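Given next are the chains, with one letter for each unit.
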Amino acid sequence: MLTLLRSADTVVLVAVDPNAPVLLEVKNLRTWFPVRKGLLQRTVGHFKAVDDVSFNIARGETLGLVGESGCGKTTVGRTILRLIQATGGEVRFEGKSVFAAGALELRSLRRQMQIIFQDPGGSLNPRMRVGSIIGEPLEVHGMTKSADETRERVEELLVKCGMWKQAADRYPHEFSGGQRQRIGIARALSLNPKLIVCDEPTSALDVSIQSQILNLLKDLQVEFGLSYLFISHDMAVIHHICDRIAVMYNGKIVEEGSRADVIERPTQPYTKALLSAVPEPDPRRKKNRIAFDGMRM
């Protein structure tokens, strides 16, 4: 299995070990939200945002979770991290149950499982300087022993994410969207995680900046041995960065396979419709859009 990695001037193919151990196991995950009606707000049903979802992520692998807005992708990512309460199912990280973890064990797990949010502006506290935003997790988890050590680590992370050291003294509103997302990536890296949930990290950015962020994520993955759950609605982005792809529709995974299998040999009508929606850069070539009828699933 091969992954595209773009450096400053070249594109390098990096092999992903097919025998790498499983890092994250998700089995029969369900996240339902109650539907309430009436004066007493009684529960009359449930909205099945995530309904019986299962997949694995190996060490050093990127699994792309793709689907239209509202299909349940983000809910999957946040449920895995226990930011949303699961209705049922099981999530195991390195063999340990995430849902059964107590307070101390969950604190340890959260050091190893981080998230990059979709909105780079809304996910950063506007009242805190960048140095405090990135340094706070280090202090909370006791990973640095002094203010000088925290500052040194923050500056190191900023440089690794394509920023400059002095950015630590400024506020989030002083940066562009792409720069704010780099700050969010630096914060996610601060605790040396093994898994990062990337929740549509490029969807709010210009196309030219998207490619820079994607290449940065690939560089960091190789350097730190990271695994990614990469959530997106954009098949072109998924194709660029992911080793395997899981296609989600209406709370369920309808197709899963290697990047080559899903992109070149899709079996489900919904996957084919998603692929047909990818823009064609050459205006001389016409592309047939496939209309998807959900009733056929």
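For the structure given in this document, a descriptive report is provided here. Fair warning: this is a prediction, and the values are worked out from it, not measured in the lab.

1. Some details on the pattern of salt bridges
A complete count under the given rule lists 15 salt bridges for this structure. Put simply, Glu90 and Arg92 hold a salt bridge, and the shortest N to O gap is 2.6 Å. Ionic pairing is found between Glu94 and Lys194, a salt bridge with its closest N-O pair at 2.7 Å. In this pair, Glu94 sits in the loop between β6 (88–93) and β7 (96–97) while Lys194 sits in the loop between α5 (177–189) and β9 (195–199), placing the two residues 100 residues apart along the sequence. By relative accessible area, which is 28% here, Glu94 ends up partly exposed. Each of the salt bridges in this network shares a partner with another, and the network as a whole consists of Arg59, Glu94 and Lys194.

2. Concerning the packing of helix α3 (residues 130–140) against α5
At a closest axis distance of 8 Å, the pairing of α3 and α5 adopts a crossing angle of 25°. The orientation of α3 with respect to α5, classified from their angle, is roughly parallel. When the axes of α3 and α5 are compared, the crossing they make is right-handed. Here Val130, Ile133, Ile134 and Pro137 of α3 come into contact with α5, specifically with Ile183, Ala186 and Arg187.

3. Remarks on the packing of aromatic side chains
A complete count under the given rule lists two aromatic pairs for this structure. Judged by centre distance (5.9 Å) and plane angle (50°), the rings of Trp164 and Phe175 are tilted. You can see Trp164 sitting in the loop between α4 (147–160) and α5 and its partner Phe175 sitting in the loop between α4 and α5, a full eleven residues away along the chain. Classification of Trp164 by relative accessible area gives partly exposed; the value is 33%. Among the residues examined, Phe175 registers a relative accessible area of 4% and is labelled buried. With 4.8 Å between their ring centres and 50° between their planes, Tyr249 and Tyr270 make a pair best called tilted. On the criterion of sequence distance, the pair formed by Tyr249 in strand β11 (residues 244–249) and Tyr270 in helix α9 (residues 269–276) is long-range, its members being 21 residues apart. Exposure remark for Tyr249: the relative accessible area of 17% places this residue in the buried category. Residue class for Tyr270 comes out buried when judged on its relative accessible area of 3%. Arg30 extends its terminal NZ or CZ atom over the ring of Trp32, reaching a point 5.3 Å from the ring centre.

Analysis parameters
- Residues numbered from 1 in each chain as written.
- Predicted model: local features only at pLDDT ≥ 70, side-chain atom pairs only at ≥ 80, totals over all residues.
- Heavy atoms only, no water.
- Salt bridge = Lys/Arg side-chain N within 4 Å of Asp/Glu carboxyl O.
- Helix = DSSP H or I, 4+ residues; strand = E, 2+ residues; numbered from the N terminus.
- Buried < 20%, exposed > 50% of the residue type's maximum accessible area, 1.4 Å probe, protein only.
- Axes fitted to C-alpha atoms, helices over the stretch in contact; angles between N-to-C directions.
- Parallel < 35°, antiparallel > 145°, perpendicular 65-115°, else oblique.
- Left-handed = near helix turned anticlockwise from the far one by under 90°.
- Contact = heavy atoms within 4.5 Å.
- Phe/Tyr/Trp six-rings, centres within 6.5 Å; stacked < 30°, edge-to-face > 60°.
- Lys NZ or Arg CZ within 6 Å of the ring centre and 35° of its normal.

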